[in-house]
Amino acid sequence: MNGFGRNFLPGPTDVHPEVMAALSGPMFSHRSPRMQTMLALMQPSLQECFGTREPVFINTCSGSGLIEAGVRSGVRDRVLVAVGGYFGEYFARIAEGCGKQVYRVEVHPGRAITPEQLEQFLEGPAVDAVAIVHSETSTGALADIPALARVVRARKDVLLLVDGVSAIGAIPIEMDRWGVDYYCVGSQKALALPPGLALGAASERFQARAEVQPDAGFTTSVRKLVSIARDNLPFWTPALSLYHALDCQLARIARSGGWAARFERHRQMLALIERWVGSRRDVALVAEAGARSPAISALRLPERFRPADVTAALEARGFQVGGALDPRHGPLIRIGHMGDLEPAHLEVLLDTLGGLLS
C-alpha cells in the first residue's frame, strides 16, 4: 500500500500515524490512579458519541464480544432479530450460541426493517428483546433506530439491543433520547482504531435486567462492565496499548472539530459516492435511497466485470476495497468511507474505479 488514505475496506480501517505511534505508550498498572485518570477523562467524549449519560464501558475484545455480552445480560429467553444482511444473521447466531430462542425477521438485502414490519412481527411469538443492526456493513443499509425504538418501547419489558459496529463515529447517536437499551461498537470501523477494543453502553432498564441475569458470564457481564466504567478501575488486565490509541484518537477528534465535524465528513463522503453512482448507468448502490449508511457502500458493478477482478485491479493500484460477504447478495464490491478518510481520498478511489470500468 502507498500510505494513509488508500484503505477503503469496510474494516479494519486506516489508523492515523499519530494513533499508531500512541500504541508504543508505556505500560503501567491497570489498577493505578493513572489508569483511573485516563479512563475518567475519556468518559465525556465517549458519552457524547453514544448520546448517553450512562457510563460507556470498554472491553478488550471484538465488537462480537460485546454483542454476546448484550445477549447474555439482556435476553432472558427469546429475541427477535432483524436479518437484512450478513451481520443481522451473525447477531442471530450469537444469540443461538448463547442458548437463546431466536425469531428471525428476514428483510430483503439492501433494505432495513421498517417500524410497521417490526410492529407486525411483535404481534407474533412473545419475546423479551429485539436485536437490530444499525449500519449493515454487508449491504450499506441504515436502519431507522429512533422510529424502531419507539415501537419496542411501547412493549412492556422488551429491550432493544443495537449492533452499532459501523455506525458509531460516523453518525450522531442519541441512545437516551431514542430509547435504545444497549448499543455496542468495535474499534476498527469509523472510530479508526486498531482492532481489539469494543465499547458499549446500557440503559437503566437494561442494567436492571442484567443485575438478575443468571448466565451473564464474568468478562461478558454487562453488570461488571458498567461497574468498571463507573469506577474507572478494570477488574481484569485490559489491552493497555489500545487504550493509549483510544486516548490519542479522542484527543485528535476534539482538536479537529469534535464529533459533529466527524459526522459531517462522513455525510459528505456518502453524498460523494451517491453523486458518483448517480452519474453512471452501469453501477448501482445496494442500499435504498434515504436509508444508506455514511460509513459503507455496497456497489453492484456492470455484469461484464467480476468483482474479484476489480478488487484485484484496485489493489494493484494501491487501493483496498471489500467483496461480498454473502453470495446471496449477488456480485458486488464494498467501499468503506469512514474513520479518518477524507472526501479527497474517496475522490481518488472513485476516479480510479471509474477508469477500470470504462
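Scope of this entry: the structure provided in the associated data block. Since this is a predicted model, take the numbers as computed values, not measurements. (Residues numbered from 1 in each chain as written. Predicted model: local features only at pLDDT ≥ 70, side-chain atom pairs only at ≥ 80, totals over all residues. Heavy atoms only, no water.)

### Topic: the pairing of strand β4 (residues 129-133)
- Among the five residues in β4, five count as buried, and that is most of the element.
- Here β4 shows a buried face lined by Ala129, Ala131 and Val133 and a second buried face lined by Val130 and Ile132.
- Here strand β2 (residues 78-83) pairs with β4 via three bridges, running parallel. Residue pairing in the sheet places Leu80 in a bridge with Val130 of β4.
- Relative to strand β7 (residues 159-163), β4 runs parallel, the two being bridged by five bridges. In the sheet register, Val133 faces β7, and the bridge partner there is Asp163. (Buried < 20%, exposed > 50% of the residue type's maximum accessible area, 1.4 Å probe, protein only. Helix = DSSP H or I, 4+ residues; strand = E, 2+ residues; numbered from the N terminus. Pairing = 2+ DSSP bridges.)

### Regarding unusual backbone geometry
- Geometrically, the link from Gly11 to Pro12 is a cis peptide bond, its omega value of 0 degrees lying close to zero.
- Secondary-structure assignment places Pro12 in the segment before α1 (17-22).
- Positive phi, close to 55 degrees, is recorded for Ala192, a residue that is not glycine.
- Its place among the elements puts Ala192 in the loop between β8 (182-186) and β9 (197-202).
- Look at Ala192 and you get buried, because its relative accessible area is 0%.
- With phi around 55 degrees, Asn232 is a residue other than glycine that occupies positive phi space.
- On the secondary structure map, Asn232 appears in the loop between α9 (222-231) and α10 (240-255).

### Things to note about the nonpolar core
- Phe50, Ile58, Leu118, Val130, Ile132, Tyr183 and Leu199 are the most contacted members of the largest nonpolar core, which has 57 residues in total.
- Here the element with the most residues in this core is α10; it accounts for eight residues.
- Once residues lying within four places of it in the same chain are set aside, the contact partners of Val130 are Val79, Leu80, Leu118, Leu122, Val152, Val158, Leu159, Leu160 and Leu161.
- In this structure, Phe57, Phe91, Leu161 and Ile228 belong to the second largest nonpolar core, which totals 32 residues. (Core = buried A, V, L, I, M, F, W, Y, C linked by side-chain atoms within 4.5 Å. Contact = heavy atoms within 4.5 Å.)

### Considering helix α13 (residues 343-357)
- In this model, α13 (15 residues) spans 21 Å end to end at C-alpha, consistent with the 21 Å of a helix rising 1.5 Å per residue.
- Regarding α13, the residues found buried are Pro343, Leu346, Leu349, Leu350, Thr352, Leu353, Gly354, Leu356 and Leu357.
- Residues of α13 that are buried make contact with α11 (258-278), β11 (296-300), α12 (307-316) and β13 (333-336). (Expected span 1.5 Å × (residues − 1).)

### Thoughts on the pattern of salt bridges
- For the structure on display, the rule yields 23 salt bridges.
- For Glu119, the salt bridge is made with Arg155, and the minimal N-O distance between the two is 2.8 Å. Of this pair, Glu119 sits in helix α5 (residues 115-121) while Arg155 is found in the loop between α6 (145-153) and β7, placing the two residues 36 residues apart along the sequence.
- Accessibility expressed as a relative area gives 33% for Glu119, which makes it partly exposed.
- A single salt-bridge network, built from bridges that share partners, covers Glu18, Arg252, Arg255, Arg262 and Asp340. (Salt bridge = Lys/Arg side-chain N within 4 Å of Asp/Glu carboxyl O.)

### A few points about the sheet that holds β11
- The antiparallel open sheet is built from four strands, whose spatial order is β10-β11-β13-β12. Lying at the two open borders of the sheet, with one neighbouring strand each, are β10 (284-285) and β12 (322-323).
- Across two bridges, β10 lies against β11 in antiparallel orientation. Counted as the bridge partner of Ala284 is Arg300 from β11.
- Each of β11 and β13 is contacted by α13, which is oriented at about 160 degrees to β13, the strand it contacts most. (Axes fitted to C-alpha atoms, helices over the stretch in contact; angles between N-to-C directions.)

Any functional reading would require information that these geometric values do not contain.
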